[in-house]
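Each chain, letter by letter, is given below.
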Amino acid sequence: MYHASTKSETSSPVAYEEPPSFSFSDRPLLDNISASLELADYRKALRQSAMFARLGRNGPFTVFAIPNEPFERYAAQVPGGLMSPQNAVTLRQILGYTILRGNWSPARLNAKMKRSKSDRIALKTLSGDTLTVQRDASSGQLTLMNMTGRVARIWLNGAPQSNGTLYITQDILPPRG
């Protein structure tokens with residue numbers, strides 16, 4: 001029999017600082033992304049664009065994965081749908097913008113910022129575009145910024161993987177948009 005919750009807190013994972021996402025540090029990115037319900041649309045897009053298998057390789061790679069809700073919201077705005085064959089180039093560019101070569105853990109990002117005496121660093125993505133990782137001055141949290149200055153916050157902050165590091169963003173961040 002159903003009883004209304006007496007808790008005053010929301011049960012939505014979006015309300016939590018860290019998503020309830022399984023991530024095992026001894027497994028590759030491909031396995032952990034596959035196991036996450038929050039990344040089902042991202043996983044499907046990676047498979048459709050033939051980029052999925054790459055994340056099972058040795059790497060290392062750093063992935064800024066896009067959760068379902070922002071992915072679906074953005075996809076609905078693309079004429080014909082983001083997953084349609086006519087938008088394959090756009091899909092590959094957006095997905096390539098979420099993947100970096102190298103293992104960019106939060107500690108490594110912060111150390112690089114400290115050495116460069118800056119609160120941001122620019123990194124090259126698989127799509128060839130520049131993604132800026134910056135430290136928010138007020139909270140100290142890492143955020144992402146694209147080439148037009150648009151910012152996306154990070155939801156899961158650097159879960160270690162056997163072949164890199166996994167982040168989950170709070171929004172989609174196209175290279176130019």
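Coordinates for the structure precede this section.
Positions within a chain are numbered from 1, following the residues in the order the chain's sequence is written. Local features are withheld for residues below a pLDDT of 70 in this predicted model, meaning they are given only at 70 or higher, and side-chain atom pairs are given and counted only at 80 or more; totals for whole chains, interfaces and linings count all residues. Remark: hydrogens and water are excluded; side-chain values derive from all non-hydrogen atoms of the structure.

Caption draft 1: Representation of unusual backbone geometry in the model. Cis geometry marks the peptide bond from glycine 59 to proline 60, where omega comes out at 5°. Tracing the chain through its elements places proline 60 in the loop between helix 2 (40-48) and strand 1 (61-65). You will see that alanine 50, though not glycine, has its phi angle at about 65°, which is positive. Put simply, DSSP marks the helices as runs of H or I at least four residues long and the strands as runs of E at least two long, and each gets a number from the N terminus on. Secondary-structure assignment places alanine 50 in the loop between helix 2 and strand 1. At lysine 117, a position not held by glycine, the phi torsion is positive, near 55°. If you trace the backbone, lysine 117 turns up in the loop between helix 5 (106-115) and strand 3 (120-124). With relative accessibility at 78%, the residue lysine 117 sits in the exposed group. Here the term buried applies to any residue with accessible area under 20% of the maximum for its type, exposed to any over 50%, and partly exposed to those in between, with areas from a 1.4 Å probe on protein chains only.

Caption draft 2: View of helix 4 (residues 88-96). Where helix 4 is concerned, the buried positions are Leu91, Ile94, Leu95 and Gly96. Only heavy atoms enter the contact rule, under which two residues are in contact if any of them lie within 4.5 Å. Looking at the packing, one finds that the buried side of helix 4 touches helix 2, helix 3 (68-77) and strand 2 (99-101).

Caption draft 3: Inspection of the environment of arginine 176 at higher detail. Tracing the sequence through the fold places arginine 176 in the segment after strand 7 (164-169). A residue is classified by how much of its surface remains accessible, and arginine 176, at 52% relative accessible area, is exposed. Expressed as a C-alpha distance, the spacing of arginine 176 and threonine 148, which sit 28 residues apart in the sequence, is 5.9 Å. Once residues within four sequence positions are removed from consideration, arginine 176 is found in contact with Gln93, Asp129, Asn146, Met147 and Thr148. Polar contacts involving the side chain of arginine 176 include one to the side chain of aspartate 129, which spans 2.8 Å. Pairing of N or O atoms within 3.5 Å defines a polar contact, subject to two protein rules: one partner must be a possible hydrogen donor and the other a possible acceptor, and residues neighboring in sequence count only if both atoms are side-chain atoms.

Caption draft 4: Looking closely at the sheet that holds strand 1. Any two strands with at least two DSSP bridges between them are considered paired. As summarised here, the arrangement of the seven strands in space is 2-1-7-6-5-4-3, forming an open sheet in which the pairing is mixed. Looking at which strands have only one partner, the edges of the open sheet turn out to be strand 2 and strand 3. Within the sheet, the average angular offset between the axes of one strand and its neighbour, ignoring direction, is 30°. Relative to strand 5 (residues 142-145), strand 4 (residues 130-135) runs antiparallel, the two sharing four bridges. Within strand 5, the residue paired with arginine 135 across the bridge is leucine 142. Under this scheme, a helix contributes an axis fitted over its contacting stretch, all axes are lines through C-alpha atoms, and angles between N-to-C directions fall in the 0 to 180 degree range.

Honestly, that's just the spatial picture; any functional story needs more than this.
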